Amino acid sequence: MHYEQELSFLMKTGIYKELFLQITRVDINSVFCSDERVMASARRNSYFGRVIGSFVAAVFGIGLFVGSFVLLGWNEKDATRQKAAIAELEDVAIADVSAQTINPDYDGKLIHTAYEAISQDVLEFKELGIKENAIRVFWEAEIYQWVESSKTENDRRVYSYSKKWVDRVQDSSSFDSGGQEGGRHSNHGSNKKFSGGNIFASNVMFGAFKLPPSLIKKIKGEQKYNIDSGLVSDLYPGGSVSDGVFYSNNPTSPQIGDERVKVFIVPPKKEVTIMARQSGQSFLPYQTENNISKELLYMGKKSKEEVIDAQRFEAALKRWGFRGGGFLAMWLGLVMILKPLRAIVSF
């Protein structure tokens, strides 16, 4: 696939979203959006402050501009290595090896095989009393907090505040609005009791093979787990469950400091395709001649050709991603280098 074809394909399949928040510029404004209060305050920078800031930005711009060439050069070199590695996989991989029996003739060789990954392990998330036969159990824990965000508008720094579910306690004492205890945007007293995490099964069989932890962690296909409301009420009398999600308080009117936990599981049986080096009754990464490690797992049943195509697509995605990032860094660097001129004539 030529670069032009790759770029055209990636641009067609890309999804781009841009979110704009416009805040009316007054010294202090209050805006009400549904049940969320947003407050904005603005500060205008002095002329000399803008000039000094622009020179500082120019220094970073020079570093960014030079760094972009380093990034682009490294990316092209890596792209060449990846192409050679994938070509080697295509050349040496033994296709359609049965996973139901272990063939000692293939030991130490790169094989392609598809079968079901199955675990009998029971995984336990003790904090919510969950015990499930699964390949993986993981959870996301969030806390309800005031969150500060800022942007520059007409040489003014604009700060806005909103209540959101976030993954960590926000230090409101550093907010521009103050955010001290008893203040309008205070998170004082918030203490996060739950932390996100995951548990993997240690015994996952793949026909006659036992999967190593490195491949188990690549198994996807998670499903939302509906938490047992009866069990939660026994563990946390003040808590509740809404739409399968645990809330430490009332889910319909959360207060600052409230928490929620979402749980997901990967079922105990998943069909997967593996391309890796056979090692006894398990698998190890395959080392290519140019020293690139490959230990591949894809969900579902895929032919050897489909695995190679997927590798080429991922390499193209990475290659064009870094190219785009490099050219963007180059452009941003130039913009920052020219900032002093704009600041000087803004007097």
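Just above sits the structure.
Only one face of strand β4 (residues 122–125) is buried, namely the one carrying L123 and F125, since none of V122 and E124 on the opposite face is buried. Pairing between β4 and strand β5 (residues 130–133): four bridges, direction antiparallel. Paired with F125 across the two strands is I130, which belongs to β5.

On the surface, a cluster of nonpolar side chains totalling about 640 Å² of accessible area is made up of I62, V66, V70, L334, I337, L338 and L341. Secondary-structure elements contributing two or more residues to the nonpolar patch are α2 (47–92) and α5 (304–337). Top contributing element to the nonpolar patch by residue count: α2, with three residues. Within the secondary structure layout, V70 lies in helix α2.

The subject of this paragraph is the nonpolar core. The nonpolar side chains of a soluble globular protein tend to be buried, and buried together. One finds L128, L211, I219, V261, V263, I274 and F283 to be the most contacted residues of the largest nonpolar core, which totals 35 residues. When residues in this core are grouped by element, the largest group, four residues, is from strand β14 (residues 259–266). Ignoring any residue separated from it by four or fewer positions in sequence, one finds V263 in contact with F125, L128, I130, V137, F138, W139, Q223, K224, Y225 and I227. With 12 residues, the next largest nonpolar core counts L89, V307, I308 and A310 among its residues.

Moving on, we get to the pattern of salt bridges. The final tally for this structure, using the stated rule, is six salt bridges. The closest approach of N and O atoms between R260 and E142, which form a salt bridge, is 2.7 Å. A residue pair is termed long-range when its members are at least 10 positions apart, and R260 in strand β14 and E142 in strand β6 (residues 136–153) qualify at 118 residues. When sorted by exposure, R260 lands in the same class as E142, which is buried. Residue D243 is joined to K224 by a salt bridge in which the shortest nitrogen-to-oxygen separation is 3.3 Å. Here K224 lies in strand β11 (residues 223–225) and D243 lies in the loop between β12 (240–242) and β13 (245–247), a separation of 19 residues in the sequence. The class for D243 is exposed, based on a relative accessible area of 63%.

Here we take up unusual backbone geometry. Even without a glycine there, the phi angle at D96 is positive, about 55°. Mapped onto the fold, D96 is located in the loop between α2 and β3 (110–119). When its relative accessible area of 62% is taken as the criterion, D96 is described as exposed. Positive phi, close to 55°, is recorded for D243, a residue that is not glycine.

Cut-offs applied
- Residues numbered from 1 in each chain as written.
- Predicted model: local features only at pLDDT ≥ 70, side-chain atom pairs only at ≥ 80, totals over all residues.
- Heavy atoms only, no water.
- Buried < 20%, exposed > 50% of the residue type's maximum accessible area, 1.4 Å probe, protein only.
- Helix = DSSP H or I, 4+ residues; strand = E, 2+ residues; numbered from the N terminus.
- Pairing = 2+ DSSP bridges.
- Patch = residues over 30% accessible without salt bridge, like charges linked within 9 Å, V, L, I, M, F, W, Y side chains within 5 Å.
- Areas by Shrake-Rupley, 256 points an atom, 1.4 Å probe, with all protein chains shown as cover.
- Salt bridge = Lys/Arg side-chain N within 4 Å of Asp/Glu carboxyl O.
- Core = buried A, V, L, I, M, F, W, Y, C linked by side-chain atoms within 4.5 Å.
- Contact = heavy atoms within 4.5 Å.

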